[in-house]
Amino acid sequence: MTTALAAVATTAEVLAHPELHEALLEPWELRRLAAIRVPSRRDDVLAARLLLRLCVARFTGRPPGESAPAQFCDGCGKSGHGRPYLPGHPGVGVSLSHADGLVAVAVGPGAVGVDVEPSTRRPGPLSVLKRLLPAAELREAGTRPDPGPALLRLWVREEALLKAGEGGLGLLEWTDRRRAAVVAVASAAPVTILDVGPGDRETGRTWTARTARPARTARMPQTARTSQTAWTPQTARTARA
């Protein structure tokens, strides 16, 4: 498949999905879940990993139970953290994000990155943003009467690029008003956005899709410009999830 897939949903939507359940997770993922003491955050992490399996299944044609990602850190030589990758599928990138009851995932050819934030969130403080975000875009956002929404969109775009770990990708950013979410996907390929629609456990969830071509960007994310390494299944393992 030459089109990337992305999906955004609420944690509740994913956990209610008839194909998805905690038993799909690998033992190392279950150990990570067990260490999370805040129930809402645990649910977000679980939902993001389950939604990623569903998108990987759609992308590869394999069932969710055979669509588990892995993570490996070349820095410390241990599994269970670092940028996620898909075993047995070299050249396929995966990414996931979760925040306060929202989850988003992406899978596609080559490097991909995704980020989601509640639309009411406001990043800051400015001293931190100046170190992380492009100066020209930060100044432009600051000229607006209410810079908060523009700063949030800038933040999710930068996070998506950072997670992809590669320059020259396109950026697709949108607001999911039904879920009050701002989402960004970094991808070289067109992106088909999957949406979990109404359904129940008897009929299964309905998935609708629309395809969009990301706007091109040539720059590296601000916090990743010191690493110009091209994306490969090996280098993909070294960056953060």
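Residues numbered from 1 in each chain as written. Predicted model: local features only at pLDDT ≥ 70, side-chain atom pairs only at ≥ 80, totals over all residues. Heavy atoms only, no water.

A word on the overall build of the protein
Of the regular secondary structure elements, the protein holds six helices and eleven strands. Put simply, the protein has 241 residues, and 52% of those count as buried. Put simply, 63% of the contacts in the protein that link residues at least 6 apart link residues at least 24 apart. In the structure as shown, the protein presents an accessible area of about 11,100 Å², 53% of it carried by carbon and sulfur atoms. (Helix = DSSP H or I, 4+ residues; strand = E, 2+ residues; numbered from the N terminus. Buried < 20%, exposed > 50% of the residue type's maximum accessible area, 1.4 Å probe, protein only. Contact = heavy atoms within 4.5 Å. Areas by Shrake-Rupley, 256 points an atom, 1.4 Å probe, with all protein chains shown as cover.)

What about the environment of Leu 24?
Checked against the element boundaries, Leu 24 lands in the loop between helix 1 (11-15) and helix 2 (27-34). On the accessibility criterion, Leu 24 (15% relative accessible area) is buried. Each C-alpha atom, one on Leu 24 and one on Ser 67, is 9.1 Å from the other, the two residues being 43 residues apart in sequence. If we skip the residues at most four places from it in the chain, Leu 24 touches Glu 19, Leu 50, Arg 53, Pro 64 and Gly 65.

As for the packing of helix 2 against helix 3 (residues 39-60)
Interhelical geometry of helix 2 versus helix 3 gives an angle of 160° and a closest axis separation of 9 Å. In terms of axis orientation, helix 2 runs roughly antiparallel to helix 3. The hand of the helix 2/helix 3 crossing is right-handed. Residue-level inspection shows Trp 28, Glu 29, Arg 32 and Leu 33 of helix 2 in contact with helix 3, the latter providing Arg 42, Val 45, Leu 46, Arg 49 and Arg 53. Per-class residue counts for the contact of helix 2 with helix 3 are four nonpolar, no polar and five charged. (Axes fitted to C-alpha atoms, helices over the stretch in contact; angles between N-to-C directions. Parallel < 35°, antiparallel > 145°, perpendicular 65-115°, else oblique. Left-handed = near helix turned anticlockwise from the far one by under 90°. Nonpolar A, V, L, I, M, F, W, Y, C, P; charged D, E, K, R; others polar.)

Some details on helix 2
Listing the buried residues of helix 2 in full gives Trp 28, Glu 29 and Leu 33. Buried residues of helix 2, seen end-on, are gathered within an arc of 145° and therefore sit on one face of the element. Helix 2 presents Pro 27 and Arg 31 as exposed residues on the side facing more than 90 degrees away from its buried surface. (Arc of directions from axis to C-beta.)

A look at the pattern of salt bridges
For the structure shown, the criterion picks out eleven salt bridges. Notably, a salt bridge pairs Glu 22 with Arg 42, separated by 2.8 Å at the nearest N-O pair. Residue Glu 22 is located in the loop between helix 1 and helix 2, and its partner Arg 42 is located in helix 3; the two are separated by 20 residues in the primary sequence. Overall, Arg 42 belongs to the partly exposed group, its relative accessible area being 23%. Across the pair Asp 100 and Arg 121 runs a salt bridge whose closest N-O atoms are separated by 2.0 Å. Linking Asp 100 in the loop between strand 4 (92-99) and strand 5 (102-109) with Arg 121 in the loop between strand 6 (112-118) and helix 4 (126-132), this pair joins segments that are 21 residues apart in sequence. (Salt bridge = Lys/Arg side-chain N within 4 Å of Asp/Glu carboxyl O.)

Let's talk about the side chain of Asp 44
For Asp 44, the location among the structural elements is in helix 3. Each residue touching Asp 44, except ones within four places of it in the same chain, is listed here: Thr 11, His 98, Ala 99, Asp 100, Gly 101, Leu 102 and Val 103.

Here's the deal with helix 3
Taking 1.5 Å of rise per residue, the 22 residues of helix 3 would be expected to cover 32 Å, and the 32 Å separating its terminal C-alpha atoms lies within 8% of that figure. At the exit of helix 3 stands Gly 61, carrying a positive phi of roughly 85°. (Expected span 1.5 Å × (residues − 1).)

With respect to the nonpolar core
Residues Val 14, Leu 50, Leu 51, Val 103, Val 105 and Val 107 are the most contacted members of the largest nonpolar core, which totals 29 residues. Those elements giving two or more residues to this core turn out to be strand 1 (4-10), helix 3, strand 4, strand 5 and strand 9 (191-200). Counting residues per element, this core draws most heavily on helix 3, at eleven residues. Excluding residues that lie within four positions of it along the chain, Leu 50 makes contacts with Val 14, Leu 15, Leu 20, His 21, Leu 24 and Leu 25. Counting residues in each nonpolar core, the second largest holds 19 residues, with Leu 129, Leu 151, Val 156 and Ala 164 among its members. (Core = buried A, V, L, I, M, F, W, Y, C linked by side-chain atoms within 4.5 Å.)

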